[in-house]
Each structure stands twice: as C-alpha cells, then as structure tokens.
Amino acid sequence: MPFLLATDPAKPDRPNEDFAAVGTNAAVLLDGAGTPPGTASGCVHGVAWYARTLGGLLLGALGSDDTLSGALAASIEHVNRLHADTCDLKHAETPSSTVVALRWDGTECEYLVLADSVLVLDRPGVSPEVITDDREAVVGAELRKPMDALPTGTPEHDQALRDYVAALAEHRNRSGGFWVANTDPTAAHEALTGRLHLDEVNALALLSDGATRLADRFGLATWRDTLDTLAADGPAALIAQVRTVEDSDPHGQRWPRGKTRDDATVIYGHADA
Ligand SMILES: [Zn+2]
C-alpha cells in the first residue's frame, strides 16, 4: 500500500511535537503532549524529542515478532532508559504522547491507537470507521471550561491553559482517567487494537488532532469529506484547509480551543494509489 505523509508545525519557529514515519511494514504517528512554554517538566529534552524518539524506536520494534502493544511497551521502557539519568521521570509534567501504529504483511494489517490521535478506515460502501480513544476528552470536558471562556492568545487564557494541563495531569495513566505513552509501559496495554484484511479497505488515514479539526471540532467537514480531500488532493491539502479556517478565527471566539493552531500530521495510505 503506497503512503503519503504531511506534517506542519503549529508555528514555524516552534518545534513540531508530532512525529510520523512509514517503514517497509509499519507506520507510526505520534502527537507529543504536555508542558506549554514556561512550565517545568523535569525533562531537559522536551516534548518533540520524546515523540520522535519514541516513534523511531517503535517503528524499529514493530519489525519484531512482538505484539503491537508489546512493542510499544518495550519502546516506552527504552525511552525511559535513555533519559533516566538526566531527567525526573516521576515529574507530573514529564512529556507524553499519543500513538497510532500500523503493521502489515501481504494480506493483513494490525493497528494500535493510544489516546486521541485518530485512525480512519475507508471501507467500501459504508461510512468511515473512526478509531480513537476519547477518554482524555471525557475527563477534560469539565476541566477545560474556564479556559474556553477566555479569548485565546491573552495572558489569562495562557494561565488557564497551564492550569488545565496541570489538572489533566492528575488523571493521566490512572484507572478511571485516560492513558497516554509517557513513562509507564503498562499504558501500552490500554490501547485500542485490532486487525483487518487489507482488501477490506480502500484507504486508511492516521491523523493527529491538529489535522482533524475540520471534522471533530469545527463541524465544517464530515469524515467522508476528509477522506475525499485526502484521496483527491493529499495530506498537505487537508492541513492547508485546517490552517485557513484557524487563521479566520485567530482568537478562538467561534471555535474555542487550547491552541490557535496545533501541530498537524497525516499519513494516508490508499489501495489504488
Ligand atoms: Zn528527558
């Protein structure tokens, strides 16, 4: 299955905290999370380092016979070892990441989805199947209300965002809360996993939540529209559409959101490409 990949940082002068890569039998997409600028994290490397290091190790580990969850757990432990000597891995704001992973052979594809990045399956004749873990959104819905009441880009909103991130951290990787990749390898076993025959799908898309806003936040596109844009014009065109809409609402008055723009990343695989 041929793949197309596009990624765009929220701001050109800030590190892209998404990471995506496609190998010969596997693909990974991660959306690093945590610590807005000015917040202590205990990690001298930062969120972008965490996402690309975990993603690179995971892509390699998917070449083993281990399960997807097992490969992710081993990769989380591997990253821990890489910075245990320099960083405080017990810090509440230690970098974390979503993970979407695929691994395929000639006929079948396995998938893993941890936290709120999205895997969309385009099956012939039916509505798109959207696979994502919404537990963080459920927990966050109450916690984010004070932030969403303030105009994006103001000092008050920035402070409310820091408060929100700190409150959310209390629920991270706890039973009854939500699960992401950070330092606890058991989070890997909380991921949604499945398997499909490659001939069941026309296409599939992996998206960070910065790239899904038209469909899941702004209400300006359906998932079918999203897949149609990807099929016709490719991942960079979808991200460009998101940027146009974001720039039309720079203060988040029409669409309240934590960040005016977010890092946006798409991997698109199409059976007929
Ligand atoms: Zn570190």
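Residues numbered from 1 in each chain as written. Predicted model: local features only at pLDDT ≥ 70, side-chain atom pairs only at ≥ 80, totals over all residues. Heavy atoms only, no water.

Going by the annotation in an unreviewed UniProt entry, the name recorded for the chain is PPM-type phosphatase domain-containing protein, with Lipingzhangella halophila given as the source organism.

Quick question: what am I supposed to make of the packing of aromatic side chains here?
Between two aromatic rings, the relevant description is the distance of the centres plus the angle of the planes. Scanning the entire structure with this criterion turns up two aromatic pairs. Taken together, a centroid distance of 4.9 Å and an interplanar angle of 25° make the contact between Phe3 and Trp104 stacked. Of this pair, Phe3 sits in strand β1 (residues 3-8) while Trp104 sits in strand β5 (residues 99-104); the two residues are 101 residues apart in sequence, bridging distant segments of the chain. (Phe/Tyr/Trp six-rings, centres within 6.5 Å; stacked < 30°, edge-to-face > 60°. Helix = DSSP H or I, 4+ residues; strand = E, 2+ residues; numbered from the N terminus.)

How should the coordination of the zinc ion be read in this particular structure?
Surrounding the zinc ion are the protein donor atoms Cys43 (SG), His45 (ND1), His83 (ND1) and Cys87 (SG), at 2.1 to 2.4 Å. Relative to the metal, the four donor atoms surrounding the zinc ion lie at angles of 95 to 120°, and the coordination shape comes out tetrahedral. We note that the donor set of the zinc ion lies within a single chain, spaced as C-x1-H-x37-H-x3-C. Remark: His83 occurs in helix α2 (residues 68-83) and Cys43 occurs in the loop between β3 (26-33) and α1 (47-61); sequence separation between them is 40 residues. For the residue pair Cys43 and His83, the accessibility class agrees, reading buried in each case. (Donors = N, O, S within 2.8 Å, 3.2 Å for Na, K, Ca; no water. Tetrahedral: all angles 85-135°; square planar, octahedral: opposite > 155°, others 65-115°. Buried < 20%, exposed > 50% of the residue type's maximum accessible area, 1.4 Å probe, protein only.)

What am I meant to see in the nonpolar core here?
Leu54, Leu58, Leu62, Leu72, Val99, Leu112 and Leu114 are the most contacted members of the largest nonpolar core, which totals 26 residues. Mapped onto this core, the elements with two or more residues apiece are β3, α1, α2, β5 and β6 (108-114). Filtering out sequence-adjacent residues up to four positions away, Leu112 remains in contact with Leu68, Ser69, Leu72, Val99, Val100, Ala101, Ala191, Leu192 and Thr193. Listed in part, the 22 residues of the second largest apolar core include Val120, Leu227, Trp255 and Tyr268. (Core = buried A, V, L, I, M, F, W, Y, C linked by side-chain atoms within 4.5 Å. Contact = heavy atoms within 4.5 Å.)

Could you clarify how one ought to interpret the sheet that holds strand β8 (residues 129-131) in this entry?
The strands that make up a sheet are held in pairs by hydrogen bonds between backbone atoms, and each pair lies either parallel or antiparallel. An order of β1-β11-β10-β7-β8 is seen for the five strands of this open sheet, with the pairing classed as antiparallel. The strands lining the two open edges of the sheet, one partner per strand, are β1 and β8. Within the sheet, the average angular offset between the axes of one strand and its neighbour, ignoring direction, is 15°. As judged from the three bridges shared by strand β7 (residues 118-122) and β8, these two strands associate in the antiparallel manner. Bridging from a neighbouring strand, Leu121 pairs with Glu129 of β8. Those strands touched by helix α8 (residues 235-247) are β1, β10 (203-207) and β11 (264-270), and its axis lies near 30° from that of β1. (Pairing = 2+ DSSP bridges. Axes fitted to C-alpha atoms, helices over the stretch in contact; angles between N-to-C directions.)

Would you mind showing me how to read the environment of Leu220 here?
You can see Leu220 is positioned in the loop between α6 (213-216) and α7 (223-233). Of the residues examined, Leu220 reaches a relative accessible area of 44% and is grouped as partly exposed. Placed 45 residues apart in sequence, Leu220 and Thr265 show a C-alpha to C-alpha distance of 19 Å. Each residue touching Leu220, except ones within four places of it in the same chain, is listed here: Leu214, Val245 and Trp255.

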